[in-house]
Amino acid sequence: MAIKQTAGRTQLGEFAPKFAELNDDVLFGEVWSREDKLSLRDRSLVTVVSLMAQGLTDESFRYHLISAKENGITKEEIAEIVTHAAFYCGWPKAWAVFRMAKEVWEDEEVEQ
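Residues numbered from 1 in each chain as written. Predicted model: local features only at pLDDT ≥ 70, side-chain atom pairs only at ≥ 80, totals over all residues. Heavy atoms only, no water.

### Side note on helix H6 (residues 91-104)
Its 14 residues place the ends of H6 20 Å apart at the C-alpha level, agreeing with the 20 Å of an ideal helix rising 1.5 Å per residue. Turning to H6, its buried residues are Ala 94, Val 97, Met 100, Ala 101 and Val 104. The buried residues of H6 occupy an angular sector of 135 degrees when the element is viewed end-on, so they sit on one face. Looking at H6, the residues exposed on the side facing more than 90 degrees away from the buried face are Pro 92, Trp 95, Arg 99 and Lys 102. (Helix = DSSP H or I, 4+ residues; strand = E, 2+ residues; numbered from the N terminus. Expected span 1.5 Å × (residues − 1). Buried < 20%, exposed > 50% of the residue type's maximum accessible area, 1.4 Å probe, protein only. Arc of directions from axis to C-beta.)

Next up, the structure:
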């Protein structure tokens, strides 16, 4: 189940109120909540690869990696996803994603 997103209003509400509204209500409120069309897990997979393809590996990307993990993508799956996407998105981008993904999934390595 999608969680009510308020980051747009919290971080940009006064500066860019319309953008904040679209972020919280449309992108996360409507698009991400259409779980009858595509699961949160699948949406996370598509989002991670899309951001990787653009080379956007900043803190917002970390948020989406954490969400992917919370939405059920395992360490083995993210490794395979990034390896596969590396051939289409670029090797340096894959390295950047792996550095961040390794941190996000590192607690799984400790648990094993």
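Now, onward.
### A few points about the packing of helix H4 (residues 59-70) against H6
In contact at an axis separation of 10 Å, H4 and H6 are set at 50 degrees when each is read in the N-to-C sense. When the axis of H4 is compared with that of H6, the two are oblique. Here H4 and H6 pass one another in a crossing that is right-handed. Across the interface between the two elements, Phe 61, Arg 62, Leu 65, Ile 66 and Lys 69 from H4 touch Val 97, Met 100, Ala 101, Glu 103 and Val 104 from H6. Considered class by class, the residues forming the contact of H4 with H6 number seven nonpolar, no polar and three charged. (Axes fitted to C-alpha atoms, helices over the stretch in contact; angles between N-to-C directions. Parallel < 35°, antiparallel > 145°, perpendicular 65-115°, else oblique. Left-handed = near helix turned anticlockwise from the far one by under 90°. Contact = heavy atoms within 4.5 Å. Nonpolar A, V, L, I, M, F, W, Y, C, P; charged D, E, K, R; others polar.)

Nothing here speaks to function; it is all geometry.
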